[in-house]
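# Understanding the architecture of this molecule
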Amino acid sequence: MARILAIDYGLKRTGIAVTDELQIIASGLTTVKTNELLVFLKDYTIKEKVELFLVGEPKQMDNTASESETLISPFIVKLEKLIPHIPIKRVDERFTSKMAFQTMIDSGLKKNQRKNKALVDEISATLILQSYLYSK
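What counts and what doesn't
Residues numbered from 1 in each chain as written. Predicted model: local features only at pLDDT ≥ 70, side-chain atom pairs only at ≥ 80, totals over all residues. Heavy atoms only, no water. Helix = DSSP H or I, 4+ residues; strand = E, 2+ residues; numbered from the N terminus. Contact = heavy atoms within 4.5 Å. Areas by Shrake-Rupley, 256 points an atom, 1.4 Å probe, with all protein chains shown as cover. Axes fitted to C-alpha atoms, helices over the stretch in contact; angles between N-to-C directions. Left-handed = near helix turned anticlockwise from the far one by under 90°. Nonpolar A, V, L, I, M, F, W, Y, C, P; charged D, E, K, R; others polar. Buried < 20%, exposed > 50% of the residue type's maximum accessible area, 1.4 Å probe, protein only. Core = buried A, V, L, I, M, F, W, Y, C linked by side-chain atoms within 4.5 Å. Pairing = 2+ DSSP bridges.

## What to know about the overall build of the protein chain
- Scanning the protein chain from terminus to terminus reveals 5 helices and 5 strands.
- Reading the protein chain from its N end, one meets helices and strands in the order β-β-β-α-β-α-β-α-α-α.
- For the protein chain, the share of sequence-separated contacts (at least 6 apart) that also reach a separation of at least 24 residues comes to 60%.
- On the protein chain, roughly 8000 Å² of surface is accessible, and the fraction owed to carbon and sulfur atoms is 55%.

## Remarks on the packing of helix 1 (residues 37-47) against helix 2 (residues 69-82)
- Remark: helix 1 packs on helix 2, axes separated minimally by 11 Å, with the N-to-C direction vectors making an angle of 30°. When you trace helix 1 past helix 2, the crossing you get is right-handed. Contacts between helix 1 and helix 2 involve Leu37, Leu38, Leu41 and Lys42 from the former and Phe75, Lys78, Leu79 and Leu82 from the latter.
- Its residues assigned to classes, the contact of helix 1 with helix 2 comprises 6 nonpolar, no polar and 2 charged.

## Details of unusual backbone geometry
- Even without being glycine, Gln23 reaches a positive phi, approximately 60°.
- Considering the arrangement of structural elements, one finds Gln23 in the loop between strand 2 (13-19) and strand 3 (26-33).
- Judged by its relative accessible area of 7%, Gln23 falls in the buried class.

## What to know about the nonpolar core
- Within the largest apolar cluster, 18 residues are counted, with the highest numbers of intra-cluster contacts made by Leu5, Ile7, Leu41, Phe53 and Phe75.
- Counting residues per element, the ones that place at least two in this core are strand 1 (3-8), strand 2, helix 1, strand 4 (50-57) and helix 2.
- When near neighbours in sequence (up to four residues on either side) are disregarded, Ile7 contacts Thr14, Gly15, Ile16, Leu37, Leu41, Phe53, Leu54, Val55, Gly56, Phe75, Leu79 and Ile128.
- Counting 12 residues, the second largest nonpolar core, distinct from the first, contains Leu52, Leu129, Tyr132 and Leu133.

## Examining the sheet that holds strand 4
- Here 5 strands make up an open sheet; going across it, the order is 3-2-1-4-5 and the pairing mixed. If you trace the sheet from one side to the other, it starts and ends with strand 3 and strand 5 (88-92), each paired once. Strand-to-strand, the axes of this sheet are offset by a mean angle of 25°, without reference to chain direction.
- As defined by bridge partners, strand 2 adjoins strand 3 across 7 bridges and the pair is classed as antiparallel. Within strand 3, the residue paired with Thr19 across the bridge is Ala26.
- With respect to the sheet, helix 1 is in contact with strand 1, strand 2, strand 3 and strand 4, its orientation differing from that of strand 3 by roughly 135°.

See below:
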């Protein structure tokens, strides 16, 4: 089997999470500057077998697309052209940032550690991936 890689796309930073090869465990991988994301993904897929990209789909409470979708759609087009052999699936990412922050509190991180937005992005990507794994 190959890994599943989840992407919590952001304007400045993007959180990345990945499964193990058996697709059982979701783990935070890293946070990447968004302007370096495509290069990172290309390099990662050369080193590791990836069978699916999960990209967070931000939605409003009424189920309409959020404003950040205008940034994500062009990224997905570029990703499909750069790595066409790996399919992309969208996953609802509502509340993942709030859940990530709560996870940080629950795990005992100090207040200044919780200000680390890169860590929030990485945990959010992990939550996106974990929700997908639960739904399978």
